[in-house]
Amino acid sequence: MKAAAVSGQGRRSSMEDAHYLDEEFWQKGWIYGGIYDGHGGSFAADYAAHYLHIRFLGGILTGIEPEEAFRRAYLSVSQELSTQNSGSTAVDFLIRENEIVAANAGDARAIIIGKDSVVQLTTDHRVDNPQEKERVERAGGEIVYPYVYQGTAGMMPTRTLGDPLFKTVGVV
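This section reports on the structure supplied with the text.

What counts, and at which threshold
Residues numbered from 1 in each chain as written. Predicted model: local features only at pLDDT ≥ 70, side-chain atom pairs only at ≥ 80, totals over all residues. Heavy atoms only, no water. Buried < 20%, exposed > 50% of the residue type's maximum accessible area, 1.4 Å probe, protein only. Helix = DSSP H or I, 4+ residues; strand = E, 2+ residues; numbered from the N terminus. Arc of directions from axis to C-beta. Polar contact = N/O pair within 3.5 Å; in protein donor to acceptor, adjacent residues only side chain to side chain. Salt bridge = Lys/Arg side-chain N within 4 Å of Asp/Glu carboxyl O. Patch = residues over 30% accessible without salt bridge, like charges linked within 9 Å, V, L, I, M, F, W, Y side chains within 5 Å. Areas by Shrake-Rupley, 256 points an atom, 1.4 Å probe, with all protein chains shown as cover. Pairing = 2+ DSSP bridges. Core = buried A, V, L, I, M, F, W, Y, C linked by side-chain atoms within 4.5 Å. Expected span 1.5 Å × (residues − 1).

**Side note on helix 3 (residues 130-138)**
Residues Glu 132, Arg 135 and Val 136 constitute the buried set of helix 3. Looking down the long axis of helix 3, one finds its buried residues gathered within 95 degrees of arc, a one-sided arrangement. The exposed set on the far side of helix 3, more than 90 degrees from its buried face, consists of Pro 130 and Arg 138. Its side-chain oxygen 3.0 Å from the backbone nitrogen of Gln 131, Asn 129 forms the N-cap of helix 3. At the exit of helix 3 stands Gly 140, carrying a positive phi of roughly 90 degrees.

**Examining the pattern of salt bridges**
A complete count under the given rule lists ten salt bridges for this structure. With a shortest N-O distance of 3.9 Å, Glu 137 and Lys 133 are connected by a salt bridge. Highlighted residues: Glu 137 and Lys 133, both in helix 3, separated by four residues, approximately one helical turn. Lys 133 gets classed as partly exposed once you look at its relative accessible area, which sits at 36%. The network of salt bridges with common partners includes Glu 68, Arg 71 and Arg 72.

**Considerations on a nonpolar patch on the surface**
There is a patch of nonpolar side chains on the surface, built from Ile 100, Ile 112, Val 119 and Leu 121 and spanning about 280 Å² of accessible area. Structurally, Ile 112 can be placed in strand 5 (residues 111-113).

**Remarks on the side chain of Ser 86**
Considering the arrangement of structural elements, one finds Ser 86 in the loop between helix 2 (66-80) and strand 3 (87-96). Within the structure, Ser 86 has its side chain in polar contact with the backbone nitrogen of Ala 44 (distance 3.3 Å).

**Comments concerning the pairing of strand 8 (residues 147-150)**
Inspection of the sheet shows strand 7 (residues 142-144) paired to strand 8 by three bridges, in the antiparallel sense. Bridge assignment links Glu 142 to a residue of strand 8, and that residue is Tyr 149. Between the antiparallel neighbours strand 7 and strand 8 lie two residues. Sheet analysis places strand 8 next to strand 9 (residues 153-155), joined by three bridges and oriented antiparallel. Paired with Val 148 across the strands is Met 155, a residue of strand 9.

**A short note on the nonpolar core**
Tyr 32, Tyr 36 and Phe 56 are the most contacted members of the largest nonpolar core, which totals 28 residues. Elements supplying a minimum of two residues to this core: strand 1 (17-25), strand 2 (30-39), helix 1 (43-61), helix 2, strand 3 and strand 4 (99-105). Per-element accounting of this core gives the leading share, nine residues, to helix 1. Among the nonpolar cores identified, the runner-up in size contains seven residues, and Met 155, Phe 166, Val 169 and Val 171 belong to it.

**Observations concerning helix 2**
The end-to-end C-alpha distance of helix 2 is 21 Å, a good match for the 21 Å that 15 residues give at a rise of 1.5 Å each. Those residues of helix 2 lying buried are Pro 66, Ala 69, Phe 70, Ala 73, Tyr 74, Val 77 and Ser 78. For helix 2, the buried positions fall inside an angular range of 160 degrees around the axis, keeping them on one side. Opposite the packed face of helix 2, turned more than 90 degrees from it, sit the exposed residues Leu 75 and Gln 79.

Structural data, given as structure tokens:
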């Protein structure tokens, strides 16, 4: 199986996105990939691209299932970014033995495109998702669609890596 990654800066003044792709993950013939959409600078996205797969592998090596390894890796990287004023959405996947496992935080999504279909593997974490909106509101977050506000700062995703300013208003 072959894999590739392509990115573009778009209209932004600087590139804030990063990715990681390993077609021979842990020398097992597995494919691991991650895409990180940074905001407030590129630090969080670059950090996730360099370390999230390592945190994930640490979980796998202890014998936990990939879903739990992703959850722990996301929590770890987010906590490691807690002193930074930037954040990132994330979508990661592992393909092994004809199985794909995907995880995300924010509105980065994993999809499978087939000959006659498209299947979304992840759930968008934004305020137009009723469960996400309710969770943010319960945490005291102010929503002015499509943003969650903390003071005068706003962001669209309701889950991110980093972004410590927004943790108090339900962005987890």
